[in-house]
Amino acid sequence: MANMGHTSLDQIKALQKNPANIRNLCILAHVDHGKTTLADCLVASNGIISSRLAGKLRYLDSREDEQIRGITMKSSAISLHYAAGEKDYLINLIDSPGHVDFSSEVSTAVRLCDGAIIVVDAVEGVCPQTQAVLRQAWLENIRPVLVINKIDRLIVELKFTSQEAYTHLQKILEQVNAVTGSLFTSRVLEERAEKDKDQEEVEPAESLGSEQVYDWSAGLEDSDDSQLYFSPDQGNVVFASAIDGWGFSIQQFAHIYSQKMGIRGDVLQKTLWGDFYLNAKAKKIMKGAQAKGKKPLFVQLVLDNIWSLYDAVVTRRDKEKVEKMMVSLGVKVMARDSRHSDPKVLLSAICGQWLPVSQAVLSMVCEKLPSPLDMPSERIEKLMSVGARRFDSLPAQTQELKSAFMQCSSDDAAPVIVFVSKMFTVDAKSLPQNKQRPLTQEEMAQRRELARQRHAVRLATNQQADSEEGNAHSENTTPATTPPEDQSLGSEAVSSQMEVLSLKAKPEDEGKETFVAFARVYSGVVRRGQRVFVLGPKYNPAEGLRMLPEGSSSRADGLPPIPHLSCCTLGTLYLLMGRELEDLDEVPPGNVLGIGGLEECVLKSATLSTSPALPPFIPLNFEATPIVRVAIEPKHPSEMPKLVRGMRLLNQADPCAEVLIQETGEHVLVTAGEVHLQRCLDDLRERFAKIEISASKPIIPFRETIVRPPKVDMVNEDLGRQHKMAVIHQLKEVDSLHLDPSGLVTLSTSNRHATVGVRAIPLPEEVPLLLEGSADLIRTLEQAGQAQREGRSPDMSPRTLEALLGLKSRLEGLLHGRKWRNAVDRIWAFGPRRHGPNILLNSVEGYQRPSVWHCLEQDKGDEAEAIRDFDNSVVSGFQLATLAGPMCEEPLMGVCFSLERWEVNPPAQRTQPQDSYEASASNSESAGETPGQQEGPSQARRVGDTARAAGAVSGVNREDGGAVDCYGPFSGQLIAVMKEACRRAFQAKPQRLMAAMYTCEVMATAEVLGRVYGVLGKREGRVLQEEMKEGTDMFIIKAVLPVAESFGFADEIRKRTSGLASPQLVFSHWEVIGSDPFWVPTTEEEYLHFGEKADSANQALKYMNAVRRRKGLYVEEKIVEHGEKQRTLGKNK
Ligand SMILES: Nc1nc2c(ncn2[C@@H]2O[C@H](COP(=O)(O)OP(=O)(O)OP(=O)(O)O)[C@@H](O)[C@H]2O)c(=O)[nH]1
Ligand SMILES: [Mg+2]
């Protein structure tokens, strides 16, 4: 029980049983704002680490790379005890990373908590990740409190006066509240407005004249604001300097001064922050400090004290003054602290007693954050309403479970509900069960005696041993390698016994990683060895309840197989203590815990329960898109199996990394960014695969799209023709293919049984953006459609329905004009993967296919809108075509494929195979005769009309013959021909690559600004905005940067600015690269300027060829050469 500090395991176990006094919370902030440092202070308050080391150790950053890089990469949890007067609280604290690359770790932490401490750097203020974490807290419905940290920087670095600091702090509060404010949906705003109105009625305008003494007896107390906005007088803000160990809330000073000055505490509580001042003569607190040029109370009574302490201790090092101050503060420090050469040591020693930050933060947390018993009912409903399902459409038994969450009952009858938010690994060696077995009382006494003796011996021999600090440090940073002290000091008998044990354990345990689930109990008592259901993300409780015998539980054997439901047995339960784990036999509800033995049944996250009525929790809300991919190989090919296993482990141990095996056989790792990539590679090398690996250069994702053909530009027109020739040349191999000049591609299956006519049309720029942003919604729509086709009710919540109708009308707004008439109602599918940013449009004359929106119109009967056979093949063909485009097999984006002809001729009835083909060919030719109107469904209609003569007949025929005998192979052929037709139609238009773009915010001082611009310029970055951060000499530059140019960017910026600027890169959007990858010079001038192949300046071509080469595709320099030859020939004639 090494690092349990003052609090024993038994005490923690007792505390776990009282949910009213449990607080589950996480610390969230932008990178480097001081989360882990603050956590250190809280951990030190429990004696787990020495308070002298708090802030230096960063105890919860237990990984080596976290310590080296100085940033947190994984969330980790620790349980702390806090005594507030009579009450004892259990604080389950989770420290999270602030770097964007690890934002998925934030999601896993937030899910398990009821509240969050938001930390903001007093100098930097609100930063991009501050906004992101506030959003996450908001989306998870957890309540935040605020810590404004690093106030010492305002004094020491910025040299602000206390008054300036006050103004600055006010601004920061405004910023934070502005973010919070903007998070409210209009619905919440409305609710609030209503409440405010009610309140106004209750307390009639008690206007506070500027001269009037504030009357606090009026019922302002319980204003709803306390939960929504941050305000020191509400008690949800702490001002702190974690590194110097101090922090305070207004409450503390109100308490101090109410005793000192005899002003009522509650009055001070409301006036210590704000525009109030002390009128010494009248002995009154007045409003209007600013207008009168008076010192606000906060400055006079709070900040000035701190400022003069820093002045005396750090700046002037005035011994006498410090002595005096210590006496008046009632603080005593050890002699060695006051003699220390670093004044910060003395400062911390004084502040740590006067205003201990742990006291301020923990008391705020216990007071302001809800206990597990106060879980908001909205949150519970949200957690249980997976997909589009409405809470009140869930089975009654499921809805009843809501009360289980709220009661948080340890009763044996209460269902067990557990959520696992991530899986993490620990070295098997450091698991408590592998360390030592629990000792009996005598053994412990014996050991203690022995330990004392050995300690004495060691002390004597090691007199010159390093300072206390160094010692404690090494003990704490390398717990896995140096065995805990008392273990090596056991009595002979015990230790020999243990040696045997550990010898036996060694070979298989050596460096073996064991998975522990990071989880929380919401209801019921969890016990080791308990059997529970694992509810898959698609599990439907209605189905489960129907199929399971009445009243069956996870304990029973021989349950019938139910889709997405399985059983598992819980292994060892752990108390999470930062770097250490402690064994537990059972964990009562409301607690965060670790669970062993789940690696076989839980991949990354899971919902576990003893009740089959529970639906799986909604998926975690990840903000980051994994975008950086690398291909990985073992250095020695024979070690491939180890790599494969290692990658599987990595996949399980990281909430957001993705591991794929590509068709080419490459093992690909997808990560959120460069730093994340580095961590994953380190993990693979050192923990999971334990082999030498080599990683490819990052694989940059691209998208393929088409653009409108330019209208007048001669050069391009020429190019267009030339390009088309290239396309036609390629097409020669397929003789059933026809391309008309308007871009309609007609293609038949090789047996000529089916013909499709497809046209590719670029979508307006905003459409793919909207579709990408609505991917979840579209997936829901797709599921609902599926349910409807299978004859089930879609069960959509009114909000989802509204959102979908909103999406539809926004699409209608974007797809306007003649060209897109009725287009939205003709949408057949989205793709790729059925929710991508491309559209398949039904322009087939006479085919009244229900659109994707069909399931929204529940009242509308099924009418005559039947779906033709093989409809699915057409959709599949479209999905495949959009998944990998013809340029370099990257996914398409912003392309609409309009299917204008679709004829199926069943083989049985066909007599003249050539007919249909000829008819279609001539039809499209005749349509092509109308110049000018090149594209669009309106044109398509006409094509369809003429095609109908042939198509209608075959359409009828199809119904009796086609599907019967050759269904299998025929559907496959149709998929292939649809895919091919889409690709050809795509190629018939001007093609472009799209590059992934990052946004980045760089904070830099004026001196290094120029260099930042230099680096950005070199990497094709575009500056969007530059502004000065108020009250500082820092500039904030917002820019976009192609992902392809971003590798090493952060490092380069850091180097060029001597570490003064460090950017945060976040994936933002896709951008069309202006240059045409198929462009070749056509005039002498261009020829001279760009060279023969024009590939020197063509960025798009460079990117495209790089991708093709990587994928082992033919790099088509041929097309270009061919084009040139033809043109040259033409010219020479
Ligand atoms: N001056 C000053 N520096 C601080 C304070 N708190 C933390 N720091 C420093 O800020 C740096 C970052 O601190 P961390 O605690 O690692 O920050 P973090 O928020 O955990 O960072 P990530 O986990 O990487 O997001 C360290 O160098 C700390 O010493 C403070 O109150 N004052
Ligand atoms: Mg940290």
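Now for a quick tour of the structure. (Residues numbered from 1 in each chain as written. Chains lettered and ligands numbered in written order. Predicted model: local features only at pLDDT ≥ 70, side-chain atom pairs only at ≥ 80, totals over all residues. Heavy atoms only, no water.)

Around ligand 1 lies a shell of 20 residues, among which Lys 35, Thr 36, Thr 37, Thr 72 and Asp 152 are the nearest. Thr 37 is positioned such that a nitrogen or oxygen atom in its side chain is 2.5 Å from an oxygen atom of ligand 1. Computed on the free molecule, ligand 1 has an accessible area of 650 Å², of which 85% lies beneath the protein chains in the complex. Among the elements that make up the shell around ligand 1, the one with the highest residue count is helix 2 (residues 35-44) (three residues). Taken together, the residues of the shell around ligand 1 break down into five nonpolar, nine polar and six charged. (Near = heavy atom within 4 Å. Polar contact = N/O pair within 3.5 Å; in protein donor to acceptor, adjacent residues only side chain to side chain. Areas by Shrake-Rupley, 256 points an atom, 1.4 Å probe, with all protein chains shown as cover. Helix = DSSP H or I, 4+ residues; strand = E, 2+ residues; numbered from the N terminus. Nonpolar A, V, L, I, M, F, W, Y, C, P; charged D, E, K, R; others polar.)

Before going further, it helps to examine the sheet that holds strand 27 (residues 754-762). Taken in spatial order, the six strands line up as 25-26-27-30-29-28 in an open sheet, and their pairing is mixed. Edge positions in the sheet fall to strand 25 (738-739) and strand 28 (827-831), since each of these pairs with one other strand and no more. Two strands pair when backbone bridges link them, and strand 29 (residues 838-842) and strand 30 (residues 895-904) are joined in this way by four bridges, in the parallel orientation. Of the residues in strand 30, the one forming a bridge with Ile 839 is Cys 896. Strands in contact with helix 32 (residues 871-883) are strand 28, strand 29 and strand 30; relative to strand 28, the strand with the most contacts, it is inclined by about 35°. (Pairing = 2+ DSSP bridges. Contact = heavy atoms within 4.5 Å. Axes fitted to C-alpha atoms, helices over the stretch in contact; angles between N-to-C directions.)

Within the protein, Thr 36 (OG1) and Thr 72 (OG1) serve as the donor atoms for the magnesium ion (ligand 2), at 1.9 Å. On the criterion of sequence distance, the pair formed by Thr 36 in helix 2 and Thr 72 in the loop between helix 3 (64-69) and strand 2 (76-84) is long-range, its members being 36 residues apart. A relative accessible area of 7% places Thr 36 in the buried class. (Donors = N, O, S within 2.8 Å, 3.2 Å for Na, K, Ca; no water. Buried < 20%, exposed > 50% of the residue type's maximum accessible area, 1.4 Å probe, protein only.)

All right, on to the sheet that holds strand 20 (residues 628-634) then. Overall, antiparallel pairing links the four strands, which are arranged 21-22-20-23 in an open sheet. Since the sheet does not close on itself, it has two edges, and those belong to strand 21 (658-661) and strand 23 (693-695), each with one partner. The mean angle between the axes of side-by-side strands here comes to 30°, regardless of whether they run parallel or antiparallel. Alignment of strand 20 against strand 23, held across three bridges, turns out to be antiparallel.

Quick look at the pairing of strand 13 (residues 531-535) now. Of all five residues that make up strand 13, four are buried, and the element is covered over most of its length. Where strand 13 lies against strand 14 (residues 565-569), five bridges are found, and the strand directions are antiparallel. If you follow Phe 533 over to strand 14, its bridge partner there is Cys 567.

What follows is about helix 14 (residues 319-329). When we look at burial in helix 14, the residues that qualify are Val 322, Met 325 and Met 326. Buried residues along helix 14 cover an arc of 100° about the axis, so they all sit on one side. Turned more than 90 degrees from where helix 14 packs its buried face, Glu 320, Lys 324, Val 327 and Ser 328 sit exposed. Buried residues belonging to helix 14 abut helix 13 (297-315) and helix 16 (343-354). Capping the start of helix 14, Asp 318 holds a side-chain oxygen 3.3 Å from the backbone nitrogen of Glu 320, two or three residues further along. Directly after helix 14, the chain includes Gly 330, whose backbone phi takes a positive value near 70°. (Arc of directions from axis to C-beta.)

One way to put it is that helix 5 (residues 128-139) packs onto helix 7 (residues 162-183) with a least axis distance of 10 Å and a crossing angle of 40°. If you check the angle between helix 5 and helix 7, you find them oblique. Once helix 5 is placed against helix 7, the crossing between them reads as right-handed. Contacts from Gln 131, Leu 134, Arg 135 and Trp 138 of helix 5 reach helix 7 at Val 176, Val 179 and Leu 183. Across the contact of helix 5 with helix 7, the residue classes tally to five nonpolar, one polar and one charged. (Parallel < 35°, antiparallel > 145°, perpendicular 65-115°, else oblique. Left-handed = near helix turned anticlockwise from the far one by under 90°.)

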